[in-house]
Each structure stands twice: as C-alpha cells, then as structure tokens.
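Coordinates in review
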Amino acid sequence: MVSRLKQLVAYALSPLLLLSFVGQNAHAEDAHASGWSLLNMPQGVTSVSNDIYDLHMTVVWICVWISVVVYGVMFYSMFAHRKSKGYKAANFHESTTVELLWTIVPVLILIWVAFPSTKSLIELYDTTEADIDIKITGYQWKWQYEYLGEGVEFMSELTTSEPAIYNLEPKTEFYLSEVNEPLVLPVGKKVRFLLTAKDVIHSWWVPDLGVKRDAVPGFINETWAKIDEPGVYRGFCAELCGKGHAFMPIVVNAVSEDEYKTWLAEKKEAAAVLREMAKQTFTLEQLMAKGEVAYNRSCAGCHSGNGEGIPGAFPALKGSAIALGPVAKHLDVMVNGVSGTAMQAFGGQLSEVDLAAIITYERNAWGNNVGDMVQPIDVLKFKQGQ
Amino acid sequence: MAHGPAKGIGRWLFATNHKDIGTMYLWFSFAMFLLGGTFAMIIRAELFAPGMQLVKPEFFNQMTTMHGLVMVFGAIMPSFVGLANWMIPLQIGAPDMALPRMNNLSFWILPFGFALLASTLFMEGGAPNFGWTFYAPLSTTYAPDTVNFFIFGVHIIGASSIMGSINIIATVLNLRAPGMTMMKLPLFVWTWLITAFLLVAVMPVLAGVVTMMLMDINFGTSFFDAAGGGDPVLFQHIFWFFGHPEVYIIILPAFGVVSAIIPTFSRKPLFGYSSMVYATSAIAFLSFIVWAHHMFTTGMPIAGELYFMYATMLIAVPTGVKVFNWITTMFRGSLSFETPMLFAIAFVILFTFGGFTGLMLAVAPADIQYHDSYFVVGHFHYVMVAGAVFSMTAGIYYWLPKWCGKMYDETMGKLQFWIAFIGFNIAFIPQHFLGLAGMPRRYADYALQFSDWNMVSSIGAFMYGAAQLLFLYNVIRTIVAGEPTSEEKTWEGAEGLEWTLPTPAPFHTFSTPPEVK
C-alpha cells in the first residue's frame, strides 16, 4: 500500500510526467500484473500497429522538446522576472522577425510529421489481396463473426456474470474482457475485416492489432490486419451503443495456420450437427431448460431476467400480448424484429433450436402459461414460408 | 438620465441593463456548472472501482450525456456571454448593449431550455442517454421518447445563443467610443466578435440536425436510417460541422480573458497584438474546415482522411502563435502572482498540454488508437476545463472588484487555485494513460487492469469538485463581506477603459462616450 501511494504521488505530481511514460512499453497481457505500469500505447503485433506506435512516439518527443523550450522560458520568467525581486518590466511588444520564425518553424515540423503519417495511412487503407475475409457485425451488445465462404459464423458474447459485475461474486482475471467464443485467426495471413452493424453504430477496437473501425448499420467498412505473433489479444467496443456498451468485449485468438485449419474444420462439423438438431422434436421440459439459458444470454439484457423489462425503455414480456397471443406473431417478432424499435431480428443471429426454446420459454415462464410449445422445425418452416 | 435600477423582482425579470443581464448569465451558468459537476461526481464515483456500485449502466449513460450537455451549453457558453455582457460595453466605451430588449429575451429563454432538458431526468425512459454528441441512430430509432424534450431544449438554447451573438456583433460594430478603432479593441472584444460570427454560422446547423432527428423520430423520414436511403454517418458530418467550431466558440473568449490578465500582472503590454487578432481569425476560419477529424474511424475515403489530417495539423500554427505571444508577454515583465494571474498561467501551461495532445490526435493513423478512448477524454478536459473554465475563473477574480466594489480574499483565492490545479491534474493526467492502454470512453464499468488509474482520477475529480464549492464561497463572501475598494484601477498594471470608471461600476456607464486617443 505504501509503495502504491509512493508511485501514485510520483506519477501524479511529477511535472515531468510526460517523460515518465515515454519509453514505457507494457505488453497487453503482462499489463494485467499491474495497472500502474499501463502508461503508454501497446506496440502491438501487426505492421500497422508498429507504425502507429512509432508515429505516436515521434509526435510525443516533438511535443516534449517543444514543451521543454516553451515551459522553460515561462518558468524562467516566473522565477527571474518577479516584481517581488524588484525586476523592472521591459516595454517591447512586437518583433516581426521572431513572430515570423515561430510561424515558419512549426510549419516545417508539421510537414516533417505529415510524411510518415501519410505513408502509414496509405498502408492502413490498403485492404487489397487479403487471404481471409471476416465479416464482423455489431449488435447491441455482442459481436457476430462470419468466415466468408466457409459457412462458419457465430456470436461472441461477454461471459462475465452479472453477479460479478454487481460485486456479488469475486472478479476474475479477465473481468469484462472474456467472451464465450473468441475470433480465431491464423498468424502471418492478411485478414480483411468487413464491418457492419445491425442496430446502432459500434466500433471494433483491438489495440494490439492497430485496428479500430466503426461498424455502421447499413454500410460496410473495410480494414485489415496481419498478425505477426500468436497470442490472445483483447479489445473493446469503442463507440457508445447503449447501456451494454462496456459489456461487449472482443477477444482475438491468433494461432498458427495448422491450428487454424483444424479449428475451422471442427467448426464446420459443429455447424452441420446444429443443422441436424433443428429437425429433432423436443419435450416442453427440454425446451424450457434450453430456453432459460438462451433467454438469459440473448434477451435478458433488455427484457430482464424476470421478464419485466425496463419501464419506459424496454417492454415487459411477463403478461405481454405477444407472449400470450398467437404463435405466428411471436415468431414474427423474434425472427424479424420490430422495425423502428430496439427489438432486433434474431432470425439470423440464433439457431432454430435456440429460437424455438426461447419462444417456448417466454410463453411459459414467470407466470405466463400459454402451455403450447414451438419446435425448431416450426421456426424453420416459418422462415422458409416468408 | 441618472436613475438607478428598478426595485424588486422586476429589476431582473424586465432587465435591459447589460450589467444586470450579465450578472444573471453568470449566476445561471454557475448553477449549471454545479449541476453538471454533480453529474461528473456521480460518474467518477461509479468509476472509482470496477463493478457497478452506485448506478445502473443506463443511468450512467444519462449522466455522461447530461454532464456534457449541461457543461457545454449551460455552464461554459452562457458564462462567457455573461462576461461579454458585463465587459464589452465597458471595454469599448458603450452605454449598454446595442439591443437591450433582445438581450433580456436571450437570457430569459435559457432557463426554460434547461428546464426542458433537465425535466427528462424525472420522466419514464430517463434523460438523454446517447452522449452529448448524440450520434444517430442511437439518438433516433433507439432513443427514449424523452429525446423530443432534448431536441426542443437544444432549439431554445440555440436561439438564445444566436440572439446573444447578434447583440454582441451589433454592439462591437456600432457602439465603439470615438477613436476606438478596430485595431485598438481589447482582445477580449476581438475574440468575442469572432466567436459571435462563429455562433451565428453554426448554431443554425445544430438546429438543423436536431430537426432532422425530430423528423426521423416522429414523421417517418430517413435522413439517418440506411434502411430508408439515409446515412448514419451524415449525422456525424452535420453534427461536427457545428461541433468543431463549437469548441473554438468555447475557447476563443477564454483566449481574450487571458490576453487581458497576463499583461496586467506582467506590467508589460501584450506581445504581438495584431498577430493575436490574425491568429484568432485564422483559427476561426480553420475551425470550419476540419470537422471530420472527429470521424477518422468512420471509414471515410483516404483522400478525405488525408485532407482533414493536414488541415487539422495546420491549427497548431496559429494556436502556437498565441501561446508564444503570452509567454513572450511574461518574459522580462515584472510579474506578480495574484489569483487571476495564477489561473491565467495555469491556463497557458495546461491549455498548451491540451494542444500537444490535440496535435497527437490530428495524426490520423495514430488517432485510430486514440479515438473514442480515455485519451480523448483527457485531451478535451485539458482544453475545456483547464482552458475555458480556468480562464473564466481568472476573469471573475480579475473583474469582481470592479463589479461589486469589494475585494476578494487573496489567501482564499490562492487556496482555491491550488486545490483546483492539483485536483485537476490528478483527475485528468491518468485518463491519458487509461486511453493509451485501451480503455474506451463512456464506459460504465471496466476491465481490472484499468482500476488503479481510475481510482486516482476519481480522487482528483473529487478534489477539483471541492474547489468549486470554495469558489462559490469566495465569491459570495466577497460580495457580502469583502473589503470595500473604490480604486478605479484595482490592479497596478491594468489597461483599458473599464479601469477609468469608478469602482464599483455605476448602474449606467459611458452615457457620454469617452474619447480614445
């Protein structure tokens, strides 16, 4: 505690603070050891992130040198030219030479900075000749990753529990930066990201990759990364997207090309199994059990765990006309969403099994007791019938 | 002519006197400053430790939004309008503002605008929760119904600003005393004249963008909805076309105040007066053509990114000129460090630091990492708080004796300065670290590696908040029980027409224009 305090004082009060963070270079994962050492941008693991880091340091040093001169003159005056010391004021108030000089010199410095900046930006924008295309879709409040041309897609959601967030359970190491399924990428391959969103604007940011790009609903943005080192890289949503903004982290698992291929084959197989499952028939108990899990993961964020919603913002499902009314309307709302509101179209986000389970759960939980159930095949038929 | 102010509440309700209206603006803005500050304290208390302790994320978002809106539109902008009302007629030798009744209207609609905005806190659905930049579609399709109150609130506030600006332009261009040529105007008048033109140019743009939102929300248009042929990024272009000049609207009058105070306490004329005027004009012009540097991650074409990067970097040049001029004014002066000077010096130091981080942010590839992180939060608080608010505080201590004929307590003033200065830096320096380490802004909760610096930042914020209560105490104490002073020139080194008037300044001044040589 005492050493922490010392550090606190040293960092917070040192007038040379700018200098103290220069040269520090904490790696993202090591940084977990101590928050105090987190002072500077990570260098990252892509050529772009390294360029950005170099550029950042160049500008930091320029600022440090200018500030030494500017603050130096200022502090010298404050010490030497005091009235209390009897210093008599001079009376000069202009000098064309000096004024021209401090206009031209900054222009030259800026031109000097503009060259590497332009070069980096051109590199950053070059999304051609990618080896792999990943479509990233932002939702309130999770990410969907789609490996284009591979038939593999999944949702990546926060796994930190609500009790941990509300301090009822201890917080684990990767509190708020852990997900159920990370984005798996091979190292040494140029990966193009195609970003969009389904509801509001999100922004996909992984500092170690030097990537931050907005996911704008209705538009596709492009950026790319070629990861040099295997590892787990964590990031966050950077554009305010509603109440779950802080709760939709990003985890990228960079692996060797062989591991990536094995992983991709497994994912394809799992996708086939899931498609098969959609043809099965479940009992009410099975659907309710699956439904509770899926509901809490995908729906409780807005409609809350007890189905009562948030008054004025998100409607209650407990006793609602849709949950108690005809199945067809309930299916329509779940699959297609409600345009003009925050209710998303879950048809493309969730499997038929999950959709069927959630609908069944909503019709029979919290005192709702319609008594009927929806099978995955009903969802499939509904989707195909549209 | 020599009649005094009206008696009772009528004096304030029907006020047409620039000093009374200025006073009302200043008190109103201070009330808003405390309200916005309360929101900030809630934010920092919640972020003191990881986990949700005090509020829910949806309320946290309302706090960040209301904090920004109240501080920008309720605290900083009206406070400088109040200062303009008080000082511009005194500094140019005018009997009053050119349009006194409009002056009354522009003040009195403000409380209604903010009542509309703040009333949403007590409504179902809550206050605006989409950030003070209110990006669509979070602020349209996905907004609570109370967004309509926000929209009309902004309309009213905007109308007030436009009227205030027209009044300032009319006053400065028409009511200058004989011999007060444009290039003799005190810099505070110059910076406000330029600011007023910026306001007249961009407040209608803000009104336009909120009206487009109103249409999207209630009348089925799709300006910002891709599904109907619109574009969410269009919102950002329009917003920032207003929003970037807006930050200069906030900071230019602050430049003016500091340009008055530094020469006074350096006992030496301002260095480079004419280059100050040109630099201010250059900054104002550039402020119109750099807006998309707030949007480097939206996926603009590279040509756009490059243009906005170069144009933004250019702002460093006239801004640098200003800083160099202030420092050269101090150089070989005969310096003393009364409270206004302390705040003015802190302004130069900290605003320059904010300028450095601004230059860093201008570099588009690096901005990919800084954007929407706590680094940006740190940066703009250095400019908005250590810039605008410090300069405002300096201005109030500087002119308060002239206004009320009482001297503030120097020890208490200095105490407030040191608590504010230290608290401010403890609050905002760590935010730069947090941003560089990867913490996004507007986060209700954060990963564990960000805990330490967040705690430090919160402690600093509480300190800074406490300093404002001391400020309130100091001002009230000065007015009620300050030592009376009747010296025309409160400060030995002060120059300008306001210091030729009796102290306290009479209700009517310069009924006969002074002669300026």
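So, here's what we can say about the structure. Source: prediction; values computed, not measured. (Residues numbered from 1 in each chain as written. Chains lettered and ligands numbered in written order. Predicted model: local features only at pLDDT ≥ 70, side-chain atom pairs only at ≥ 80, totals over all residues. Heavy atoms only, no water.)

Attention now moves to the overall build of chain A. Tallying secondary structure elements over chain A gives twelve helices and ten strands in all. Taking 386 residues into account, the globule formula puts the C-alpha radius of gyration at 21 Å, and chain A, at 28 Å, lies well above it. Judged by the C-alpha coordinates and their principal axes, chain A covers about 95 × 50 × 45 Å. Here chain A, with 386 residues, has 51% of them falling under the buried criterion. Relative to all contacts within chain A whose residues are 6 or more apart in sequence, the contacts with residues 24 or more apart total 64%. As displayed, chain A has an accessible area near 17500 Å², and 60% of this comes from carbon and sulfur atoms. For chain A, the distance from the average position of its 31 positive side-chain charges to the average position of its 42 negative side-chain charges is 6 Å. (Helix = DSSP H or I, 4+ residues; strand = E, 2+ residues; numbered from the N terminus. Rg over C-alpha atoms; globule rule 2.2 N^0.38 Å. Buried < 20%, exposed > 50% of the residue type's maximum accessible area, 1.4 Å probe, protein only. Contact = heavy atoms within 4.5 Å. Areas by Shrake-Rupley, 256 points an atom, 1.4 Å probe, with all protein chains shown as cover. Lys, Arg positive; Asp, Glu negative; His and termini not counted. Charge placed at Lys NZ, Arg CZ, Asp CG, Glu CD.)

Bringing the overall build of chain B into the picture now. Summing up its helical and strand segments, chain B has 16 helices and two strands in all. Whereas a compact globule of 517 residues would reach a radius of gyration of roughly 24 Å, chain B reaches 22 Å, a difference of no more than 12%. For chain B, the spread of C-alpha atoms along the principal axes amounts to about 65 × 50 × 45 Å. A buried classification covers 68% of the 517 residues belonging to chain B. For chain B, the share of sequence-separated contacts (at least 6 apart) that also reach a separation of at least 24 residues comes to 82%. For chain B, the accessible area works out to roughly 15500 Å², and carbon and sulfur atoms hold 71% of it. In chain B, which carries 20 positive and 25 negative side-chain charges, the distance between the mean positions of the two groups comes to 13 Å.

What follows covers the packing of aromatic side chains. As enumerated under the stated definition, the model contains 70 aromatic pairs over all chains in all. Ring geometry for Phe417(B) against Phe421(B): centres 5.5 Å apart, planes inclined by 25°, an arrangement best described as stacked. Taken together, the residues span about one helical turn, with Phe417(B) and Phe421(B) both in helix H15 (residues 410–436) at a distance of four residues. As far as the burial class goes, Phe417(B) and Phe421(B) line up, both buried. Across the ring face of Trp224(A), the terminal group of Lys190(A) is positioned such that the distance to the ring centre comes to 4.3 Å. Geometry around Tyr125(A) places Arg213(A) over its ring, the cationic atom sitting 5.2 Å from the centre. (Phe/Tyr/Trp six-rings, centres within 6.5 Å; stacked < 30°, edge-to-face > 60°. Lys NZ or Arg CZ within 6 Å of the ring centre and 35° of its normal.)

Once that is clear, we can look at the packing of helix H11 (residues 316–330) of chain B against helix H12 (residues 339–362) of chain B. Residue and element names in this part refer to chain B. Where H11 contacts H12, the axes come no closer than 11 Å and their chain directions differ by 150°. With respect to H12, the axis of H11 lies roughly antiparallel. Crossing of H11 against H12: the hand is left-handed. For the pair H11 and H12, the contacting residues are Ala316, Thr319, Val323, Trp326, Ile327 and Met330 in the first and Met341, Ile345, Phe347, Val348, Phe351, Thr352 and Leu359 in the second. (Axes fitted to C-alpha atoms, helices over the stretch in contact; angles between N-to-C directions. Parallel < 35°, antiparallel > 145°, perpendicular 65-115°, else oblique. Left-handed = near helix turned anticlockwise from the far one by under 90°.)

Residues and elements named next belong to chain A. Strand E3 (residues 152–156) sits mainly inside the fold: four of its five residues count as buried. Inspection of the sheet shows strand E2 (residues 142–147) paired to E3 by five bridges, in the antiparallel sense. When the bridges of E3 are listed, tyrosine 145 appears paired with phenylalanine 154. (Pairing = 2+ DSSP bridges.)

Among the nonpolar cores identified, the biggest contains 276 residues, and Phe193(A), Trp204(A), Phe73(B) and Phe150(B) are the most heavily contacted of them. Judged by nonpolar contacts, the second largest core, of 21 residues, contains Met288(A), Ala300(A), Ile359(A) and Val379(A). (Core = buried A, V, L, I, M, F, W, Y, C linked by side-chain atoms within 4.5 Å.)

The next subject is the sheet that holds E2(A). All names here are of chain A. Across the sheet, five strands lie side by side as E3-E2-E1-E5-E8; this open sheet has mixed pairing. The two strands at the open ends of the sheet, each matched to only one other strand, are E3 and strand E8 (221–226). Taken over all neighbouring pairs, the strand axes of this sheet differ in orientation by 25° on average, direction set aside.

Here we come to the pattern of salt bridges. Residue and element names in this part refer to chain A. On inspection of all chains with the given rule, the structure shows 16 salt bridges over all chains. With a shortest N-O distance of 2.8 Å, aspartate 133 and arginine 192 are connected by a salt bridge. Of the two residues, aspartate 133 sits in strand E1 (residues 132–139) while arginine 192 sits in strand E5 (residues 190–197), which places them 59 residues apart along the sequence. The class for aspartate 133 is partly exposed, based on a relative accessible area of 23%. Its salt-bridge partner being glutamate 352, residue lysine 383 comes within 2.9 Å of it at the nearest N-O pair. Of this pair, lysine 383 sits in helix H12 (residues 376–385) while glutamate 352 is found in helix H11 (residues 352–364), placing the two residues 31 residues apart along the sequence. (Salt bridge = Lys/Arg side-chain N within 4 Å of Asp/Glu carboxyl O.)

As far as function goes, none of this settles anything; it's purely spatial.
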